[in-house]
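So you can see what is in the structure, the chains are spelled out below.
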Amino acid sequence: MKERIKSLDGLKGIACLLIAFFYHYFPLDGEIRRLGPRLVEVFFAISGFGFAYVYKDIISKKAFSEWFLKRYFKIMPLYWITFICCLIIQLYSVKIKGETTSNIAIDFLHIFWGFIGMESGWIINALPVNGPSWFVSTLFLCYILYFLICKCNKKFYFLLLVSLLLFSSCGILLQWQYPFLYFEASLRGYASFCMGALMYEVYKKLSSKGGAILAYSLIIIYAVYLTVLNNIGSFKGEQLTGEMRLLIIFFFIPTIFLSILYIPLIKMFLETKVIQKIANIAMEIYLWHYSVEIVVAFTSIHETWLGYGIVVITTLIISFLSHKILNPQKTSKFLMSYINDNFIKK
């Protein structure tokens with residue numbers, strides 16, 4: 001097994017905190033409360049980089065069912081628990097308020113697609129019962145596409161990644177809304193995942209010195225863009241434009257990745273024990289924070305700093321405990337063993 005890139009894990013930890021706790025909380029003012037939406041693409045890119053790093057050279061030897069189910073069951077136990085919790089809270093909201101939070105549809109079809117992890121970006125693109133779970137739904141699509149790309153002739157690997165990146169980028173700009181090609185879900189995932197996988201190819205080629213020089217250069221260019229050219233206004237507003245999403249994918253993601261891989265101080269910070277522990281429970285934080293937030297939303301302190309603090313602390317505690325209890329690696333291994341013994345081998 002390849003050695004983990006700790007700075008990449010650290011980036012996952014920081015990204016999950018910013019996405020979970022700097023998204024739409026009322027006590028946060030101005031642009032700081034909209035940091036989260038700008039980092040979802042980075043989360044997809046981390047997965048793309050990680051998959052290329054770990055699986056690119058060995059995936060051709062794997063059977064799809066075994067390979068995909070192992071990834072699927074690593075995430076789904078946590079996903080199911082958070083999904084059921086959110087569903088109960090949403091039904092309670094209907095009982096006392098007459099509606100769900102964020103006008104989420106609660107019917108058999110949406111519950112079915114949501115329970116199997118296919119509610120966003122697949123055939124339908126519904127608002128998820130557990131808001132952040134759309135990422136997981138889209139991530140599964142990225143897994144499937146990456147497997148297919150790796151199964152093709154190695155000569156076409158780079159071409160297929162670039163083609164999918166450009167194809168998805170066109171869909172984001174044109175705001176496509178077709179099954180498997182939704183610009184706000186699946187296409188964002190495809191493009192960012194591919195960029196992450198391509199960044200791994202860059203990582204393999206660059207020396208430490210060359211990577212650092214390129215990282216500092218991109219940081220300076222980005223700083224100039226945001227200040228001298230006064231384009232920070234492009235980041236304003238609740239919704240990002242297609243052009244802004246592409247700027248994040250094609251410029252912000254490479255800048256972030258080169259920085260965390262080649263700038264010593266940033267690497268040192270991301271490799272600290274505290275950040276690594278947060279990275280270990282990143283998915284738990286991501287999937288639990290919404291449940292905690294909508295529970296606090298029923299109280300009078302929701303729009304206060306006290307409510308915000310309760311959301312953060314409670315989410316971290318629940319995330320740590322659920323990681324300890326569920327243990328994704330062991331749970332996935334158990335479920336795969338059960339399926340093999342009771343279904344596949346029979």
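Refer to the structure printed above.
The rules behind each value
- Every chain begins its residue count from 1, and numbering advances along the sequence as written.
- Note on the predicted model: pLDDT of at least 70 is required for a residue's local features to be given, and 80 or more for side-chain atom pairs to be given and counted; whole-chain, interface and lining totals, by contrast, use all residues.
- Side-chain measures here rest on the full set of heavy atoms in the structure, leaving out hydrogens and waters.
- The helix and strand labels rest on DSSP assignments: H or I over at least four residues marks a helix, E over at least two residues marks a strand, and numbering proceeds from the N terminus.
- Exposure is judged per residue with a 1.4 Å probe applied to protein chains only, and the accessible area is read against the type maximum: over 50% gives exposed, under 20% gives buried, and values in between give partly exposed.
- By the convention used here, residues are in contact when the closest approach between their heavy atoms is within 4.5 Å.
- A residue counts toward a patch only above 30% relative accessible area and without a salt bridge, and it is joined to like-charged neighbours within 9 Å or, for Val, Leu, Ile, Met, Phe, Trp and Tyr, to nonpolar neighbours within 5 Å.
- The Shrake-Rupley method, run with a 1.4 Å probe, gives the accessible areas here. Residue values count only the displayed protein chains as cover.
- Here, a salt bridge means any Lys or Arg side-chain nitrogen found within 4 Å of an Asp or Glu carboxyl oxygen.
- For the purpose of counting charges, residues Lys and Arg are taken to be positive, whereas Asp and Glu are taken to be negative. His and the chain ends are not included.
- Charge coordinates come from a single atom per side chain, which is NZ of Lys, CZ of Arg, CG of Asp or CD of Glu.
- Remark: nonpolar core denotes a set of buried residues (Ala, Val, Leu, Ile, Met, Phe, Trp, Tyr, Cys) joined through side-chain atoms within 4.5 Å.
- Within 3.5 Å is the distance limit for a polar contact, defined as a pair of N or O atoms, with the added protein rule that one can donate a hydrogen and the other accept it, and that residues adjacent in sequence qualify only through two side-chain atoms.
- One less than the residue count of a helix, multiplied by 1.5 Å, gives the span that helix is expected to have.
- Aromatic rings from Phe, Tyr and Trp, with only the six-membered ring used for Trp, were paired whenever their centres fell within 6.5 Å, and each pair was classed as stacked if the ring planes differed by under 30 degrees, edge-to-face if by over 60, and tilted otherwise.
- Computed over the protein atoms alone on a 1 Å grid, cavities are sets of points where a 1.4 Å probe fits but cannot get out and pockets are open sets with protein on both sides within 12 Å along at least five of seven lines; a residue lines them when it has an atom within 4 Å of a point.
- Grid points are joined across faces, edges and corners, and a volume is the space filled by probe spheres set on the points.

1. Brief notes about the overall build of the protein chain
Turning to step 1, where the next piece is worked out: Each helix and strand counted, the protein chain has 14 helices and two strands in total.
Turning to step 2, where the next piece is worked out: The buried share among the 346 residues of the protein chain stands at 49%.
Turning to step 3, where the next piece is worked out: For the protein chain, long-range pairs separated by at least 24 residues make up 73% of all intrachain contacts whose partners lie at least 6 apart in sequence.

2. A few points about a positive patch on the surface
Turning to step 1, where the next piece is worked out: The grouping of Lys-62, Lys-70, Lys-74 and Lys-333 at the surface amounts to a positive patch.
Turning to step 2, where the next piece is worked out: When you line up the elements, Lys-70 lands in helix 3 (residues 64-97).
Turning to step 3, where the next piece is worked out: On the basis of relative accessibility, which here comes to 44%, the residue Lys-70 falls in the partly exposed class.

3. Some points on the nonpolar core
Turning to step 1, where the next piece is worked out: In terms of nonpolar packing, the biggest core is built from 99 residues, with Phe-49, Phe-140, Tyr-143, Tyr-146 and Phe-257 touching the most fellow members.
Turning to step 2, where the next piece is worked out: Those residues in contact with Tyr-146 that sit more than four places away from it in its chain are Phe-51, Ala-52, Lys-56, Ile-59, Tyr-157, Leu-161, Phe-193 and Ala-197.

4. Let's talk about the side chain of His-289
Turning to step 1, where the next piece is worked out: Structurally, the position occupied by His-289 is in helix 12 (residues 282-296).
Turning to step 2, where the next piece is worked out: Looking at His-289, its side chain comes within polar contact range of the main-chain oxygen of Tyr-286, at 2.9 Å.

5. Things to note about helix 7 (residues 186-205)
Turning to step 1, where the next piece is worked out: Between its first and last C-alpha, helix 7 extends 29 Å over 20 residues, near the 28 Å set by a 1.5 Å rise per residue.
Turning to step 2, where the next piece is worked out: Along helix 7, 16 of the 20 residues are buried, which leaves the element largely enclosed by surrounding structure.

6. Some remarks on the packing of aromatic side chains
Turning to step 1, where the next piece is worked out: Tallying each qualifying case throughout the model produces 39 aromatic pairs.
Turning to step 2, where the next piece is worked out: Geometrically, the ring pair formed by Trp-176 and Tyr-178 is tilted, given 6.4 Å between the ring centres and 55° between the ring planes.
Turning to step 3, where the next piece is worked out: We classify Trp-176 as buried; its relative accessible area is 18%.
Turning to step 4, where the next piece is worked out: Here the aromatic rings of Tyr-203 and Tyr-262 are separated by 6.2 Å at their centres, their planes lie at 50°, and the arrangement is tilted. Placement of Tyr-203 in helix 7 and of Tyr-262 in helix 9 (residues 242-262) is noted, with a sequence separation of 59 residues between them.

7. Section: empty space enclosed by the protein
Turning to step 1, where the next piece is worked out: For the structure on display, the rule yields two cavities of 30 Å³ or more.
Turning to step 2, where the next piece is worked out: Each pocket or cavity is described by its volume, and for the largest cavity that value is around 50 Å³.
Turning to step 3, where the next piece is worked out: In terms of lining residues, the largest cavity is bounded by Cys-142, Leu-145, Tyr-146, Ile-149, Leu-161, Leu-164, Tyr-190, Phe-193 and Cys-194.
Turning to step 4, where the next piece is worked out: Here the element with the most residues in the lining of the largest cavity is helix 5 (residues 134-151); it accounts for four residues.

8. Concerning the environment of Leu-145
Turning to step 1, where the next piece is worked out: Note on placement: Leu-145 falls in helix 5.
Turning to step 2, where the next piece is worked out: C-alpha separation for the pair Leu-145 and Leu-161, spaced 16 residues apart in sequence, amounts to 9.7 Å.
Turning to step 3, where the next piece is worked out: Sequence-distant contacts of Leu-145, defined by excluding residues within four places in its chain, comprise Leu-164 and Tyr-190.

9. Describing helix 5
Along an α-helix, residues three or four apart share an orientation, since each turn contains 3.6 residues.
Turning to step 1, where the next piece is worked out: In this model, helix 5 (18 residues) spans 26 Å end to end at C-alpha, consistent with the 26 Å of a helix rising 1.5 Å per residue.
Turning to step 2, where the next piece is worked out: Burial within helix 5 is extensive, with 14 of its 18 residues counted as buried.

10. Some words on the pattern of salt bridges
Turning to step 1, where the next piece is worked out: Under the counting rule described, the total for this entry stands at five salt bridges.
Turning to step 2, where the next piece is worked out: Between Glu-201 and Lys-204 there is a salt bridge, and its shortest N-O distance comes to 3.4 Å. Taken as a pair, Glu-201 and Lys-204 lie in helix 7 at a separation of three residues, close to a single helical turn.
Turning to step 3, where the next piece is worked out: In this structure Glu-201 comes out as buried when scored by relative accessible area, which is 13%.

11. Section: unusual backbone geometry
Turning to step 1, where the next piece is worked out: Even without being a glycine, Gln-175 presents a positive backbone phi close to 55°.
Turning to step 2, where the next piece is worked out: Taking relative accessible area as the criterion, Gln-175 reaches 48% and is therefore assigned partly exposed.
Turning to step 3, where the next piece is worked out: Although it is not a glycine, Phe-180 sits at a positive phi angle of roughly 70°.

12. Concerning a nonpolar patch on the surface
Turning to step 1, where the next piece is worked out: Together, Ile-313, Ile-317, Phe-320, Leu-321 and Ile-325 make up an exposed nonpolar region whose accessible area comes to about 530 Å².
Turning to step 2, where the next piece is worked out: The topology assignment puts Ile-317 in helix 13 (residues 305-326).
Turning to step 3, where the next piece is worked out: Under the relative-accessibility criterion, Ile-317 is labelled partly exposed at 46%.

13. A closer look at the side chain of Arg-71
Turning to step 1, where the next piece is worked out: The topology assignment puts Arg-71 in helix 3.
Turning to step 2, where the next piece is worked out: For the buried Arg-71, no salt bridge is present, and the opposite-charge side chain at shortest range is Glu-66, 8.5 Å distant.
Turning to step 3, where the next piece is worked out: Aside from chain neighbours lying at most four places away, what touches Arg-71 is Phe-51, Tyr-55 and Tyr-143.

14. A word on the layout of surface pockets
Unfilled space is identified by rolling a water-sized probe across the atoms.
Turning to step 1, where the next piece is worked out: Within this model, the largest pocket holds a volume of roughly 1,700 Å³.
Turning to step 2, where the next piece is worked out: If you go around the largest pocket, you meet 45 residues; those closest to its centre are Arg-4, Lys-12, Tyr-55, Lys-74 and Gln-329.
Turning to step 3, where the next piece is worked out: When residues of the lining of the largest pocket are traced back to their parent elements, those giving at least two are helix 1 (6-21), helix 2 (40-55), helix 3, helix 5, helix 11 (273-280), helix 12, helix 13 and helix 14 (328-344).
Turning to step 4, where the next piece is worked out: Ranked by the residues each element gives to the lining of the largest pocket, the list is headed by helix 2, at eight residues.

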